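Structure at a glance
Next come the chains, spelled out residue by residue.
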Amino acid sequence: MPFNIHFEKKKSDGICRLEEVLKAFCIHNPSVGYCQGMNFITSVSLLFMDEETAFWSLVAIVEHCFPPNYFDISLIGAQADQSVLKELLQIKLPRLHAHLEDIGIEMCSFTLNWFLGVFYDIVPFEVMLRVWDCFLLDGLEALFRFAVGLLQMHEMSLLEKDDTLAIMKDMRHLAKVTYDADTLIKIAYSDLEPFPSMSLINEKQNHHIKILRNVYDQQQRAREEFDRQEGLQKEKQKVRENCNNDLKMDCCVESSPGKLLVCRGDIREAWLGIVDAEKCTKDTLNIVLDSQIVCMTMAGSDIVLLGTLSWYLYAYSIRSQ
């Protein structure tokens, strides 16, 4: 929330309160820890609540409003909901679904953050608050309704685009200028009727969660077996322990004057460090990826984009870590 007076600077009161709440949650629920979407949810809460109330709101939302494994390292719950959303789109907006399939775009590339951040920074702030009202009342059903509703609201414009980048750019712009909350709510809760019931949505969720869990477990076993055969387990631990004194790097980028973000790792794992040229220090940041970083660039003053060997693109906030 960089344009809000409470969050505009690193030492702003909102940033300090946000860090306190997120650290408290990591202690409260270490199995989940921190996920990027949590800072959005907590930031909105802190605009209306004190730290303790915002903390318990975060606990309630993460642990009760969303399915398990939604915000942990696997993101299985979040991925499952994107598969469910894709099926709902096929039911309610078959032309748009077919168009996206023909282009070969994965809808989750622009809708995942709609769910993880509860539409934070997706639609105008006033509209987002209306979405939050419905979400806190109806739970996940509201997010599915608003996601399909937003796509229906801008369906004709999206059907005119014929490549991935154009659709992603257009969808982001169209969502940001969706100022008519009443029309969006009417589409989500009236025009989309009959909307699939939550019992059907839950059934679809459980189906996809089971599939994704099996895939995730297989990948974990394969990764462990690969590391065992290659003798990488001890080597990884050794490199991690010595990474603060290790001057080697795979790639780097200047994050701010006098400071470099550097990455280090192997084909199965990578981590980030920050070098302060003036102080001649290097510190390891609290981020580990499951594939080697092959390229990185700054996207603004706070966000670094990381491209990995496994063809994934990650966005990482330096400020919130």
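Here the structure is shown first, and the text comes after it.
A brief structural summary. Keep in mind it's a predicted model, so treat the numbers as computed, not measured.

1. Examining the overall build of the protein
The secondary structure content of the protein amounts to 13 helices and 7 strands. For 321 residues, the compact-globule estimate of 2.2 N^0.38 gives 20 Å, and the C-alpha radius of gyration of the protein, at 21 Å, lies within 12% of that figure. Taken across its 321 residues, the protein has 45% of its residues classed as buried. In the protein, 58% of the contacts between residues at least 6 apart in sequence involve partners at least 24 apart. For the protein, the exposed area adds up to about 17,200 Å²; of that, 55% sits on carbon and sulfur atoms. Looking at charge distribution, the protein has the averaged site of its 32 positive side-chain charges lying 4 Å from that of its 46 negative ones.

2. Considering the nonpolar core
Residues W114, F119 and L151 are the most contacted members of the largest nonpolar core, which totals 66 residues. Top contributing element to this core by residue count: helix α8 (residues 140–153), with 9 residues. Not counting residues within four places of it along the chain, the set of residues in contact with F119 comprises N113, W114, M128, V131, L143, F146, A147 and L150.

3. Observations concerning the environment of K161
Inspection of the secondary structure puts K161 in the loop between α9 (155–159) and α10 (164–176). The class for K161 is partly exposed, based on a relative accessible area of 22%. In contact with K161, other than residues within four places in its own chain, are H99, I103, A166, I167 and D170. Side chain to side chain, K161 and D170 meet in a polar contact 3.4 Å long.

4. Concerning a positive patch on the surface
There is a patch of like positive charges on the surface, built from K10, K11, K259 and K279. Turning to its location among the elements, K11 is positioned in the segment before α1 (13–28). K11 sits in the exposed class, given a relative accessible area of 71%.

5. Some thoughts on the pairing of strand β5 (residues 293–299)
As defined by bridge partners, β5 adjoins strand β6 (residues 303–308) across 6 bridges and the pair is classed as antiparallel. When the bridges of β6 are listed, C295 appears paired with G307. The hairpin formed by β5 and β6 contains 3 residues between the paired strands, and G300 there has a positive phi angle of roughly 95°.

6. A short note on the packing of helix α4 (residues 76–92) against helix α6 (residues 108–116)
Look at α4 against α6: their axes get within 10 Å of each other, and the N-to-C directions meet at 120°. Here α4 is positioned oblique relative to α6, judged by the angle of their axes. Pair α4 / α6 crosses with right-handed handedness. In contact with A78, D81, Q82 and L85 of α4, α6 contributes C108, T111, L112, F115 and L116.

7. Examining helix α2 (residues 36–46)
Residues spaced three or four apart along an α-helix face the same direction, because each turn holds 3.6 residues. When you tally the buried positions in α2, you get 9 out of 11 residues, the bulk of the element. Those residues of α2 lying buried are G37, M38, N39, I41, T42, S43, V44, S45 and L46.

8. Thoughts on the packing of aromatic side chains
Throughout the structure, instances matching the rule amount to 10 aromatic pairs. Between F66 and F71, the aromatic rings sit 5.2 Å apart at their centres with planes inclined by 90°, giving edge-to-face as the arrangement. When the centroid spacing of 5.6 Å and the interplanar angle of 40° are considered together, the rings of F66 and F135 count as tilted. Of this pair, F66 sits in the loop between α3 (51–65) and α4 while F135 sits in helix α7 (residues 125–138), and the two are 69 residues apart along the sequence.

9. Quick notes on the pattern of salt bridges
Using the criterion set out here, one finds 11 salt bridges in the structure. For R17, the salt bridge identified is with E51, shortest N-O distance 3.5 Å. Taken as a pair, R17 in helix α1 and E51 in helix α3 lie far apart in primary sequence, 34 residues in all. Looking at R17, the relative accessible area reads 18%, which means it is buried. Given a relative accessible area of 30%, E51 falls into the partly exposed group. Because the salt bridges share partners, they merge into one network encompassing D121, R172 and K176.

10. Overview of unusual backbone geometry
Note that the residue after E193, namely P194, is joined by a cis bond; omega there is -5°. When you line up the elements, P194 lands in the loop between α11 (181–191) and α12 (198–230). The residue D121 is not glycine, and still its phi comes out positive at about 60°. Relative to the helices and strands, D121 is located in the loop between α6 and α7. Take D121: its relative accessible area is 36%, and that puts it in the partly exposed class.

Definitions and cut-offs
- Residues numbered from 1 in each chain as written.
- Predicted model: local features only at pLDDT ≥ 70, side-chain atom pairs only at ≥ 80, totals over all residues.
- Heavy atoms only, no water.
- Helix = DSSP H or I, 4+ residues; strand = E, 2+ residues; numbered from the N terminus.
- Rg over C-alpha atoms; globule rule 2.2 N^0.38 Å.
- Buried < 20%, exposed > 50% of the residue type's maximum accessible area, 1.4 Å probe, protein only.
- Contact = heavy atoms within 4.5 Å.
- Areas by Shrake-Rupley, 256 points an atom, 1.4 Å probe, with all protein chains shown as cover.
- Lys, Arg positive; Asp, Glu negative; His and termini not counted.
- Charge placed at Lys NZ, Arg CZ, Asp CG, Glu CD.
- Core = buried A, V, L, I, M, F, W, Y, C linked by side-chain atoms within 4.5 Å.
- Polar contact = N/O pair within 3.5 Å; in protein donor to acceptor, adjacent residues only side chain to side chain.
- Patch = residues over 30% accessible without salt bridge, like charges linked within 9 Å, V, L, I, M, F, W, Y side chains within 5 Å.
- Salt bridge = Lys/Arg side-chain N within 4 Å of Asp/Glu carboxyl O.
- Pairing = 2+ DSSP bridges.
- Axes fitted to C-alpha atoms, helices over the stretch in contact; angles between N-to-C directions.
- Parallel < 35°, antiparallel > 145°, perpendicular 65-115°, else oblique.
- Left-handed = near helix turned anticlockwise from the far one by under 90°.
- Phe/Tyr/Trp six-rings, centres within 6.5 Å; stacked < 30°, edge-to-face > 60°.

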